[in-house]
Amino acid sequence: MAVKRVLQYGEKTLREPSKEVHKVSRKIQELVQDLLDTMYAKNGVGMAAPQIGVNYRVFVVDVSKNDEPLNPIVFINPKIIKKSGAYVGQEGCISFPEAYTDVKRYANVMVKALDRHGRPFVLEAKDGELLARAIQHENDHLDGILFIDHCVNRFETDQILAKHNLPPVDPDMLADDSEIEKELSK
Ligand code: NI
């Protein structure tokens, strides 16, 4: 239970795929607590295990507003089982301090995962709400995919990254967003 150092864009672990959790052990529960502690310390909306250097398929989100009670949601071995619609909006990441850029996302997702006690649940997030976007952003981290891989404009994003002394977009890592683009053009 501790606030951990958050890896920054450019560090290799952020690009490595994470392993499934086979048992929601005490070690995994400690990881969950570290993720929550670190996310709240950094005022983040979400945090994925690779961001604190642990390549397990675990992430946490809390989309509650400042005047609302905390509402942490824990996802272990998440799978996005349905996605539809499209949405373009600005996103950032605790691993990219102060750098925000427009990214393409599905507007609606349904995700299946285990909670912090190892119990399965299904959650639906709709209409491009923050939760829908956070789930896609954090789930991507588990596959070494970063929000800039979904950027709307690579050259604009490079300028923003440079301003914050971060490495440029890796063209080889750009996501295939053709499905989202199809939805956007509807
Ligand atoms: Ni992130």
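As a reminder, the structure under discussion sits directly above these lines.
These numbers come from a predicted model, not from an experiment. (Residues numbered from 1 in each chain as written. Predicted model: local features only at pLDDT ≥ 70, side-chain atom pairs only at ≥ 80, totals over all residues. Heavy atoms only, no water.)

**Student:** So what's going on with the pairing of strand β6 (residues 108–114)? Which residues, and what values?
**Tutor:** Of all the 7 residues making up β6, 5 are buried; the element is thus mostly covered by neighbouring parts of the structure. In this structure, β6 lies alongside strand β7 (residues 120–125), joined through 6 bridges in antiparallel fashion. Bridging from a neighbouring strand, V109 pairs with A125 of β7. Linking two consecutive strands that pair antiparallel, namely β6 and β7, is a turn of 5 residues; a positive phi of about 85° is found at G118 within it. (Buried < 20%, exposed > 50% of the residue type's maximum accessible area, 1.4 Å probe, protein only. Helix = DSSP H or I, 4+ residues; strand = E, 2+ residues; numbered from the N terminus. Pairing = 2+ DSSP bridges.)

**Student:** Please set out the coordination of the nickel ion residue by residue, giving values where relevant.
**Tutor:** Here the nickel ion is held by the protein donor atoms C93 (SG), H137 (NE2) and H141 (NE2), which lie 2.1 to 2.2 Å from it. Each donor residue of the nickel ion lies on the same chain, and together they follow the pattern C-x43-H-x3-H. Here the residue C93 occupies a position in strand β4 (residues 87–93), and H137 occupies one in helix α2 (residues 130–141), the gap between them amounting to 44 residues. (Donors = N, O, S within 2.8 Å, 3.2 Å for Na, K, Ca; no water.)

**Student:** Outline the packing of aromatic side chains, listing residues and values.
**Tutor:** Following the criterion strictly, the structure yields 4 aromatic pairs and no others. Pairing Y9 with F96 gives two aromatic rings, centres 4.5 Å apart and planes at 20°, and the pair type is stacked. Linking Y9 in the segment before α1 (26–41) with F96 in strand β5 (residues 96–105), this pair joins segments that are 87 residues apart in sequence. Summarising the aromatic geometry, the rings of F75 and F121 are spaced 5.6 Å apart at their centres and angled 55° between planes, so their arrangement reads as tilted. On the criterion of sequence distance, the pair formed by F75 in strand β3 (residues 73–84) and F121 in strand β7 is long-range, its members being 46 residues apart. Overall, F75 belongs to the buried group, its relative accessible area being 0%. The rings of Y9, F96 and F147 are connected pair by pair, giving a single aromatic cluster. Just above the ring of Y56 sits the side chain of K19; from NZ or CZ to the centre is 5.2 Å. (Phe/Tyr/Trp six-rings, centres within 6.5 Å; stacked < 30°, edge-to-face > 60°. Lys NZ or Arg CZ within 6 Å of the ring centre and 35° of its normal.)

**Student:** Please give an account of the sheet that holds strand β2 (residues 58–61) that cites residues and values.
**Tutor:** Pairing is antiparallel across the open sheet formed by 5 strands, whose spatial order is β1-β2-β3-β6-β7. Each edge of the sheet is formed by a strand with only one pairing partner; in this case those strands are β1 (46–48) and β7. Averaged over all pairs of adjacent strands, the angle between their axes in this sheet comes to 35°, without regard to strand direction. Looking at chain direction, β1 and β2 are connected through 3 bridges and run antiparallel. Considered in β2, the bridge of M47 is made with V60. Strands β1, β2 and β3 of the sheet are contacted by α1, whose axis makes an angle of about 40° with β2. (Axes fitted to C-alpha atoms, helices over the stretch in contact; angles between N-to-C directions. Contact = heavy atoms within 4.5 Å.)

**Student:** I'd love a proper account of the side chain of S95, names of residues and values included.
**Tutor:** You can see S95 is positioned in the loop between β4 and β5. Given the relative accessible area of 0%, S95 is considered buried. At 3.0 Å, the side chain of S95 forms a polar contact with the side chain of Q51. (Polar contact = N/O pair within 3.5 Å; in protein donor to acceptor, adjacent residues only side chain to side chain.)

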